[in-house]
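# Structural features, examined
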Amino acid sequence: MGHRLKIGIVGAGIGGITAAVAMQQRGLNVVVYEQSPALGEIGAGITVGPNANKVVNGLGLEDEFEALSSASPHVGTLDNKTGERLSYEIRGKENFLKMYGSVSRLMHRADVHAALERAFNTNDDALKLNHKLTEIEQNDDGVTLRFANGVTDRCDVAVACDGLKSMVRDTLFETEPPKFTGFLAWRGLVPRSKVPNVSLDPHFAAFTAEDKMFGRYPVRHGTLINYVANARRPGFTSESWKETADIAEVLEEFEGWHEDVVSIIRATPGARANRWALHSREPLDTWVSGRVCLLGDAAHPMTPFYGMGAGMAMEDAAVLARCLEASGDDWEGALQRYERARIGRANKFHRGSLERGKTYMSADPAARSKTPNAGMEDEMSYDAMSVPI
Ligand SMILES: Cc1cc2nc3c(=O)[nH]c(=O)nc-3n(C[C@H](O)[C@H](O)[C@H](O)COP(=O)(O)OP(=O)(O)OC[C@H]3O[C@@H](n4cnc5c(N)ncnc54)[C@H](O)[C@@H]3O)c2cc1C
């Protein structure tokens, strides 16, 4: 082609912004289009596993992430009423480094996003806010992107990081619409000072019962406790897949549970929790259509039961940047390498996370007592920075 490829990234969630940083660091020319008027992430916690932290380290952000994170020294599953330990795993830093080559971090999502934003060089007009993509078309010369604000732009390759409801996926790929998985999730961030008596041992705890589970862990050096409360409610219907709910609804759902669970829910700021009707789509067998590829939730919108969706998006981003760098002007070869390197692993987590939700909330107590990463331990040592491409 003879000129420097222009890579258009649609969506500046954790996937899009990681891709932008990883590509810029490899000397690629990127423009990010985000529909929102400002960058950011929701107020909630996030687990950043050792696999995701290898990407973080590879981007040179290790110290920054370390300063913003809480360690995760132990994880466990607990009986929902008595709090008795059903499983318990020590996750010492040394241990994790030895087993997986990196640590696991518990963080505030806004801190993760902000650290990535700081690493993103927005000079040269590399960030276009208020750009909601409404049409995408391609021909032999490139991709045309049309936005709701009336702007039209062109790029050589487009990377769709536009999330679960990806319009790019709907337009260019054979896909069914997002479907309700039968699981609801309520999330909140509670100041530790409001619940001083709640035990934080294990650091990451999942209280499990048939059809329900409650996970909690501290973030921001223990000043906040993040929780995710899940219930299986196949018949649930709501127009909105994401909205806020009165905590009375969550308290009713978790009535009679261990006092730590009840006091955390009760302390939710403003007495309202964010509620998701968890949606997903069937895994795809290709993420590439001509000059356009999918990344992150657009490619594999998984349920949160392995806490891996954002980690997978970060892995995708690192691998795609490496493929584009390695292939030079051969974007076609780069996209094929990317898909080949990533699709099997991501689809495994995509399918596995739904199954993990079912075991967490199984009728069988032995299944419910499994450790949080059960079934995927071997996958944690994956290194997106060095995996063959
Ligand atoms: C309850 C819950 C808990 C979770 N916990 C974890 C966890 O602990 N660890 C973990 O790794 N993952 C977790 N996940 C999954 C994780 O949140 C997602 O996988 C991840 O955020 C996906 O990132 P993304 O960048 O692909 O998509 P998104 O975060 O959805 O970002 C998409 C971006 O694209 C923009 N956009 C959309 N459409 C357009 C358009 N037409 N034009 C322009 N811009 C557009 C959006 O505004 C947004 O900024 C959890 C998910 C849920 C629901």
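Here we summarise the structure given alongside this text. Source: prediction; values computed, not measured. (Residues numbered from 1 in each chain as written. Predicted model: local features only at pLDDT ≥ 70, side-chain atom pairs only at ≥ 80, totals over all residues. Heavy atoms only, no water.)

## Some thoughts on the layout of surface pockets
The volume enclosed by the second largest pocket comes to roughly 250 Å³. S280, R281, E282, H350 and L354 are the residues nearest the centre of the second largest pocket, which is lined by 15 residues in total. Ranked by residue count, the leading element in the lining of the second largest pocket is helix α10 (residues 331-360), at 4 residues. A per-class count over the lining of the second largest pocket returns 5 nonpolar, 4 polar and 6 charged. (1 Å grid on protein atoms, 1.4 Å probe; cavity = no way out; pocket = protein on both sides within 12 Å on 5 of 7 lines; lining within 4 Å. Points joined across faces, edges and corners; volume = space filled by probe spheres on them. Helix = DSSP H or I, 4+ residues; strand = E, 2+ residues; numbered from the N terminus. Nonpolar A, V, L, I, M, F, W, Y, C, P; charged D, E, K, R; others polar.)

## Side note on the environment of T208
Within the secondary structure, T208 sits in strand β14 (residues 204-209). Overall, T208 belongs to the buried group, its relative accessible area being 1%. Sequence-wise, T208 and A341 are 133 residues apart; in three dimensions their C-alpha atoms are separated by 35 Å. Contacts of T208, omitting those with residues within four sequence positions, involve T77, L78, N80, L86, M213, W257, Y360 and R368. Side-chain polar atoms of T208 contact the backbone oxygen of R368, separated by 3.2 Å. (Buried < 20%, exposed > 50% of the residue type's maximum accessible area, 1.4 Å probe, protein only. Contact = heavy atoms within 4.5 Å. Polar contact = N/O pair within 3.5 Å; in protein donor to acceptor, adjacent residues only side chain to side chain.)

## As for the site of the ligand
Within the structure, the ligand sits among 30 residues, and G15, E34, R109, L133 and D297 are positioned closest to it. At 3.1 Å, a backbone N or O of G311 approaches an oxygen atom of the ligand. Starting from 1000 Å² of accessible surface for the ligand in isolation, the protein chains cover 85%. With 3 residues, helix α9 (residues 309-327) is the largest single contributor of residues to the shell around the ligand. Across the shell around the ligand, the residue classes break down as 12 nonpolar, 12 polar and 6 charged. (Near = heavy atom within 4 Å. Areas by Shrake-Rupley, 256 points an atom, 1.4 Å probe, with all protein chains shown as cover.)

## Re the side chain of R322
Locating R322 in the fold gives a position in helix α9. The side chain of R322 sits in the buried core without any salt bridge; E325 is the nearest counter-charge, 6.7 Å away. Among residues more than four places away in sequence, those in contact with R322 are R26, A384, M385, S386, V387 and I389. (Lys, Arg positive; Asp, Glu negative; His and termini not counted. Salt bridge = Lys/Arg side-chain N within 4 Å of Asp/Glu carboxyl O.)

## A short note on the side chain of T144
Its place among the elements puts T144 in strand β10 (residues 142-147). Excluding anything up to four places from it in sequence, T144 contacts E135, I136, E137, T152, D153 and R154.

## Observations concerning the sheet that holds strand β3 (residues 45-48)
In spatial order, the strands read β3-β7-β4; together these 3 strands make up an open sheet with antiparallel pairing. The open sheet has two edge strands, β3 and β4 (70-71), and neither has a second partner. Alignment of β4 against strand β7 (residues 105-108), held across 2 bridges, turns out to be antiparallel. Within β7, the residue paired with S70 across the bridge is L106. Together, β3 and β7 form the strand contacts of helix α5 (residues 109-119), whose direction differs from that of β7 by roughly 90°. (Pairing = 2+ DSSP bridges. Axes fitted to C-alpha atoms, helices over the stretch in contact; angles between N-to-C directions.)

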